[in-house]
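# Fold and contact review
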Amino acid sequence: MTTSAPITQDVHTIPRKLPTGGKTNLVGLTREAMRDALIEAGAPEKQAKMRVGQIWQWIYQWGVRDFHAMTNLSKAFRAELDEKFTLEIPEVVSKQVSTDGTRKYLVRIAGGHEVEVVYIPETDRGTLCVSSQVGCTLTCSFCHTGTQKLVRNLTAGEIVGQIMMARDDLDEWPTPGTRVQGEVRLLSNIVLMGMGEPLYNFENVRDAMNIAMDPEGISLSRRRITLSTSGVVPEIARTAQEIGCLLAVSFHATTDEVRDKLVPINKRWNIEALLEALRAYPRVSNSERITFEYVMLNGVNDSKEDAHRLVELIKGIPAKINLIPFNEWPGAPYTRSSNNRIHAFADIIHDAGYASPIRRPRGEDIFAACGQLKSATERERKSRKQIEAEAGLND
Ligand code: SAH
Ligand code: SF4
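Our subject in this report is the structure included herewith.

Procedures and definitions
- Once a new chain begins, its residue numbering starts again from 1 and follows that chain's sequence as written.
- By the order in which they are written, chains take letters starting at A while ligands take numbers starting at 1.
- Predicted model: local features are reported for residues with pLDDT of at least 70 only, side-chain atom pairs are reported and counted for 80 or more only, and whole-chain, interface and lining totals are derived from all residues.
- Only hydrogens and water are set aside; all other atoms, that is, all heavy atoms of the structure, feed into the side-chain values.
- A run of H or I in DSSP becomes a helix once it reaches four residues, and a run of E becomes a strand once it reaches two; helices and strands are each numbered from the N terminus.
- In this description, contact between two residues means that some pair of their heavy atoms is separated by no more than 4.5 Å.
- One bridge is not enough; two strands pair if DSSP finds at least two bridges between them.
- To get an axis, a line is fitted to the C-alpha atoms, and for a helix only the part in contact is used. The angle between two axes follows their N-to-C directions and goes from 0 to 180 degrees.
- By definition in this entry, angles of less than 35 degrees are roughly parallel, angles greater than 145 are roughly antiparallel, angles of 65 to 115 are roughly perpendicular, and the rest are oblique.
- Crossing handedness is read from the near helix: turned anticlockwise from the far helix by less than a right angle, it gives a left-handed crossing, and turned clockwise, a right-handed one.
- Definition used in this section: a nonpolar core is a set of buried Ala, Val, Leu, Ile, Met, Phe, Trp, Tyr and Cys residues joined via side-chain atoms within 4.5 Å.
- Exposure categories follow from relative accessible area, calculated using a 1.4 Å probe and restricted to protein chains: below 20% of the type maximum is buried, above 50% is exposed, and the middle band is partly exposed.

A tally of regular secondary structure across the protein chain gives 11 helices and 13 strands. For the protein chain, restricting intrachain contacts to residue pairs at least 6 apart in sequence, the fraction spanning at least 24 positions comes to 68%.

Take a look at the structure:
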């Protein structure tokens, strides 16, 4: 059931031809789109598919971004590629490393916009938290990103480019010609939990994740990718069909009254509509449970009654409940629930048979925790002004 509250989506994505001297960026193109681009540039149609496979391996398996280094292609073809195409990924503006090893990157994308990307190392894996939009059109009241106005969708190249940037920084590309298998990867998992609502940038997120999962490319298993949505109900089934990754949902409340305030998209698709879509999620099973994210806000959504209601609501859905202690930011209208409250809440859910891990905040000293990614924009606005000033646009 839905109400008619409008959620406007005034978002655009820049065209794929970046202002790099009219050259097309090959990073982020699907295999089909790359094939078309090569043919358009004069490559013989019969060879195009094979050439895509070769270029693909250089870019996504070995992290090579210089056409001249692609030694299994003829010199003439390499020169042609260099003339017509580029291999661009977001540029690192700054990097901060937390005392716990978390790395927060500020990266610049076309147009001078900036987004944040966070790498979280753990003993047996490492997770990259990727952004899908500059800012977010939604306005969840506890989220710092949601207070940011400027929004544009990231291109698929800018999304997969965040993974490539992190692999550069972690120095984690296999030597060209080799294929490392069975090793523990530094960057082993992706969560689409950075800035933005991934399901309002569906096609670009899908294309980027399909590149991340491609066995001849970055080759991450779909089970190591988790997409988090605030509840864009009409796109949920498509996520299973066209991406096939795991799903997390920003649930955060157990009544529509409270959820309307915390996650305003609830006015459009309420708890009942959301749960219906989750029950129907084509891939859900006991081994691929849906993660319910639940931010613990002092006195707002953290009572024992809430915990019991939550258990009732999700009955029948293979689920895990991830409790997130609220990460405070300057001027935030909420405070974090006490540890006692969080543990009492977790116990009720656990006793009902659900895993209820409490997320340990990471990178707090560098402001890298969930929902804190905004500072980039303030700098971004400044830098945009600077860019305009430099270009003489302000006279
Ligand atoms: N837009 C998507 C994904 C990005 S947010 C979504 O909302 O799901 C990733 C997670 O962090 C979401 O569950 C979000 O609700 C949560 N979050 C946002 N701000 C937070 C904060 N200040 N403290 C803790 N979690 C927060
Ligand atoms: Fe956007 Fe997610 Fe933040 Fe809500 S929680 S404002 S959907 S980024």
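In space, the nine strands of this open sheet follow the order β3-β4-β5-β6-β9-β10-β11-β12-β13, with mixed pairing throughout. Two strands bound the open sheet, and with one partner strand each, they are β3 (91-97) and β13 (319-325). Within this sheet the neighbouring strands show an average axis-to-axis angle of 20 degrees, counted without direction. As defined by bridge partners, strand β10 (residues 225-229) adjoins strand β11 (residues 246-250) across four bridges and the pair is classed as parallel. If you follow L227 over to β11, its bridge partner there is L247. Across the sheet, helix α4 (residues 156-170) touches β3, β4 (103-108), β5 (114-121), β6 (126-129) and β9 (189-192), and the angle it forms with β4 is around 125 degrees. Across the face of the sheet, helix α10 (residues 339-351) comes into contact with β12 (290-296) and β13 while running at roughly 175 degrees to β13.

Where helix α1 (residues 31-40) contacts helix α2 (residues 45-61), the two axes come as close as 9 Å, and the packing angle between them is 120 degrees. Relative to α2, α1 is oriented oblique. Crossing hand, α1 versus α2: right-handed. Within the contact between the two elements, α1 uses R31, M34, R35, L38 and I39 and α2 uses E45, A48, K49, R51, V52, G53, I55, W56 and I59.

So, on to the environment of I342. Secondary-structure assignment places I342 in helix α10. Between the alpha carbons of I342 and N298 there is a distance of 9.4 Å; along the sequence they are 44 residues apart. Beyond its immediate stretch of four places on either side in the chain, I342 contacts M296, L323, P325, S337 and I358.

Let's shift gears to the nonpolar core. Within the largest apolar cluster, 109 residues are counted, with the highest numbers of intra-cluster contacts made by I55, F142, I163, M209, L278 and F292. Counting residues per element, this core draws most heavily on α4, at eight residues. Leaving out residues up to four positions away in the same chain, I55 has contacts with L26, M34, L38, M70, L73, F77 and L81. Counting residues in hydrophobic clusters, the runner-up holds six residues, among them I120, C129, V191 and M193.

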